[in-house]
Amino acid sequence: MRVTTKCYRLNSSSFLQSTLDLLAFGGGRRRRRKHAASSYISDSFSLTAAFVLATERKKIGLTMKMAPGCFVVFLLFLPACQSAHGRYAHKLLKDLLTNYTNALRPVADTEHVINVTLQVTLSQIIDMDERNQILTTYLWVRQVWMDAFLAWKKDDYDGLDTIRIPSSYVWRPDIVLYNSADDEFSSSMETNVVLRHDGQVMWDQPAITKSSCSVDVAFFPFDVQECHLTFGSWTHNGNQMDLFNALDSADLADFIHNVEWEVLGMPAKKNVILYGCCSDPYPDITFTLHLKRRSSFYIFNLLLPCMMISFLAPLGFYLPADSGEKVSLGVTVLLALTVFQLLVAESMPPSESVPLIGKYYIATMTMVTASTALTIFIMNIHHCGPEGRPVPAWAERFILQYLARVCFVYEAAAAEERPPGGPASRERTESDGGKCNGEARGGDAGARKDETSVALDEGGDAADGRRSGGGAAENRKEPCSCHHHLGLRRNVEYIANVYQDQRAAQMRVGEWKKLAKVMDRFFMWLFFLMVFIMSVLILGKAV
């Protein structure tokens, strides 16, 4: 008797009703048979089969008397069907590996070329070592090829389509990473391969790779890097094994976000290279990983502190020269920039290419050095003493008059009128400054000499009168009064000359101080402009 079964959708009500109908069969001996059959209905698979048999019993023409016996025979047959695939899989593996070797290429004819399809999935960028120029990545590598000796007919093995076995059992392509920088060459994992009935072998292998990458830090921290990962056979040439791209680029769907690098793309390209040692072509597949550095960390930790320190350098010109801290501020700023320069140099590879941030630091340090040197020069001008020469005429016209107005430097006493301070001024003061007995002195030094000669002549006449015995009382008193006033006048002239000399020296010192102040303001605005332009240029690279 041939029994055919069909697949039905199981629901709780129909299943319960069919089970009750089955348990209601016969009495006595039928109950014992029902009790024996109920032991097989303990698991879900047997209950499902019981439901199928109960619903089909009318269609297949079974009588109520024959149903329990056929039902028991069917349930005894189910475990054997369940384990059929397992037995066929063992038999298939044994048949496939009989007389099979994984040491030779799996081709029926040695002249045939075995084609390997390569697909790479980028999962994570673990590290980018700029100093040693090594890129560490986590990849999923899939290789697919056809093995002529691992094919079978599905009907001979109960419809078995695929099996999974250890990859060491079968032949594997010797595809390696050409530019590997790993010391041990053991970063890959031994995984299973998937065998299909048509002989297709698929090998998915996760690997942590260390590859050499030429890092260009010319625009650090706004740089874009290109790292190449070249895969190819180490021993097989293009006439024995050929490589193909599964996709135009690596798969980035499962990429884990990196905090330092942004992945712009990873295109794949097939190359066929003829080496000097061999005449045969050697194909390879090169994946170019385009990376862009995330510069926010470096902007907030290296650039902004440097900019703020750089803006302190021009403020050294604004400090008063008498404070004694102008040079100290410049030296302190220079030392701070040197510390930041060392931090950048430690992370960069020792190459001829100077990073952009390094150029910015060098330019800023040069500017601070120049400002410190100019501060020393201006302080020397500021402290020019009374023995110094007067301010040159060109400096007085260009710096004290024109440049002072441009830099908004005003001093009321010096800007309105220049007080007398030279030898000519002293002559003018002497010519109209002294009086004797309430009368004004002569108009110039010649008049003073005439007065002195007149007084001496009068003194000589009085002496002649005393010798002749014919002088009056007032004639004897007049020479004594003139001699007294003559000494007083000389003392006043000396004091006036000393005062005028001091006044002239103070005016020279004041002019040199004003000259130094104007130069301080001019260089302060100039260096502020230079710092602003450099900051705009360096930040413009980030946009």
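Preceding this section is the structure that the text describes.
About the cut-offs
- Residues numbered from 1 in each chain as written.
- Predicted model: local features only at pLDDT ≥ 70, side-chain atom pairs only at ≥ 80, totals over all residues.
- Heavy atoms only, no water.
- Patch = residues over 30% accessible without salt bridge, like charges linked within 9 Å, V, L, I, M, F, W, Y side chains within 5 Å.
- Areas by Shrake-Rupley, 256 points an atom, 1.4 Å probe, with all protein chains shown as cover.
- Salt bridge = Lys/Arg side-chain N within 4 Å of Asp/Glu carboxyl O.
- Helix = DSSP H or I, 4+ residues; strand = E, 2+ residues; numbered from the N terminus.
- Buried < 20%, exposed > 50% of the residue type's maximum accessible area, 1.4 Å probe, protein only.
- Disulfide = S-S within 2.5 Å.
- Contact = heavy atoms within 4.5 Å.
- Expected span 1.5 Å × (residues − 1).
- Bend = angle between axes of the 7 residues up to and from the residue.
- Pairing = 2+ DSSP bridges.
- Axes fitted to C-alpha atoms, helices over the stretch in contact; angles between N-to-C directions.
- Phe/Tyr/Trp six-rings, centres within 6.5 Å; stacked < 30°, edge-to-face > 60°.
- Lys NZ or Arg CZ within 6 Å of the ring centre and 35° of its normal.
- Polar contact = N/O pair within 3.5 Å; in protein donor to acceptor, adjacent residues only side chain to side chain.

Novice: I tried to follow a nonpolar patch on the surface on my own but got confused; where do I start?
Specialist: Judged by side-chain polarity, F311, L529, F532, I533, V536 and L537 come together as a nonpolar surface patch covering roughly 570 Å² of accessible area. Mapped onto the elements, L537 comes out in helix 14 (residues 473-540). Residue L537 is classed as exposed on the basis of its relative accessible area, which comes to 58%.

Novice: Looking at this structure, how should I read the state of the cysteines?
Specialist: Under the counting rule described, the total for this entry stands at 1 disulfide. Each sulfur of the disulfide joining C213 and C227 lies 1.9 Å from the other. Sign of the S-S torsion, about -75° for the bond between C213 and C227, identifies this disulfide as left-handed. Here the residue C213 occupies a position in the loop between strand 6 (200-212) and strand 7 (224-233), and C227 occupies one in strand 7, the gap between them amounting to 14 residues. Assessed through its relative accessible area of 2%, C213 is described here as buried. We classify C227 as buried; its relative accessible area is 0%.

Novice: Just checking my understanding: could you explain unusual backbone geometry for this structure?
Specialist: Apart from glycine, the bulk of residues carry a negative phi angle, and the bulk of peptide bonds sit in the trans form. For the bond running from F220 to P221, omega is 5°, close enough to zero to count as cis. The residue Q133 is not glycine, and still its phi comes out positive at about 55°. By the element assignment, Q133 lies in the loop between strand 1 (114-129) and strand 2 (134-146).

Novice: Sorry if this is basic, but what is going on with the side chain of S123 here?
Specialist: Considering the arrangement of structural elements, one finds S123 in strand 1. On the basis of relative accessible area, S123 is assigned to the buried category, the value being 4%. With sequence-adjacent residues up to four places away left out, S123 is seen in contact with Y138, W140, D254, F255 and I256.

Novice: It is not clear to me how the side chain of T121 should be interpreted in this structure. Could you clarify?
Specialist: Here T121 shows up in strand 1. When neighbours within four sequence positions are excluded, T121 is seen to be in contact with Y138, L139, W140 and D251.

Novice: Help me understand the environment of A148 in this model?
Specialist: When you line up the elements, A148 lands in the loop between strand 2 and strand 3 (162-166). The exposure class assigned to A148 is partly exposed, which follows from its relative accessible area of 48%. For the pair formed by A148 and D109, sequence separation is 39 residues and the distance between their alpha carbons is 9.9 Å. In this view, A148 contacts P106, V107 and A108; residues no more than four positions away in its chain are not counted.

Novice: When you look at helix 6 (residues 296-310) in this model, what are you seeing that I'm missing?
Specialist: Owing to its 3.6 residues per turn, the α-helix brings residues three or four apart onto one side. Helix length check: helix 6 (15 residues) gives 20 Å between terminal C-alpha atoms against 21 Å at 1.5 Å per residue, within 8%. At L303, helix 6 shows its maximal kink, close to 35°; a proline, P305, follows between one and four residues later. Of all the residues in helix 6, the buried ones are Y298, I299, L302, L303, P305, C306, M307, I309 and S310.

Novice: Explanation requested: the sheet that holds strand 6 in the structure shown.
Specialist: By definition, the strands of a sheet pair up through backbone hydrogen bonds, in either a parallel or an antiparallel sense. One open sheet accounts for 6 strands, arranged 3-5-6-2-1-8; its pairing is mixed. Single-partner strands in this sheet number two, and they are strand 3 and strand 8 (241-245). When strand polarity is set aside, the average angle formed by the axes of neighbouring strands in this sheet is 30°. In this sheet, strand 2 lies alongside strand 1 in antiparallel orientation, the contact comprising 11 bridges. Across the sheet, residue L118 finds its bridge partner in strand 2, namely Q143.

Novice: Whenever I open this one, the packing of aromatic side chains confuses me. Can you help?
Specialist: The way to describe two aromatic rings as a pair is by their centre distance and the angle between their planes. Taken as a whole and judged by the stated rule, the model has 15 aromatic pairs. Geometrically, the ring pair formed by W525 and F528 is tilted, given 6.4 Å between the ring centres and 50° between the ring planes. Remark: F528 and W525 occur in helix 14; sequence separation between them is 3 residues, near one turn of the helix. Across from the ring centre of F244, 4.5 Å away, lies the NZ or CZ of K270, which sits over that ring.

Novice: In this structure, what is going on with the environment of W152? I would like to understand it.
Specialist: The residue W152 is located in the loop between strand 2 and strand 3 in this model. For W152, a relative accessible area of 8% puts it in the buried group. Sequence spacing of W152 and R196 is 44 residues, and the spatial spacing of their C-alpha atoms is 8.4 Å. Setting aside chain neighbours within four positions, we find W152 in contact with L92, L96, Y157, L160, D161, T162, I163, L195, R196 and H197. Among the polar contacts made by the side chain of W152, one reaches the main-chain carbonyl oxygen of L160 at a distance of 2.9 Å.

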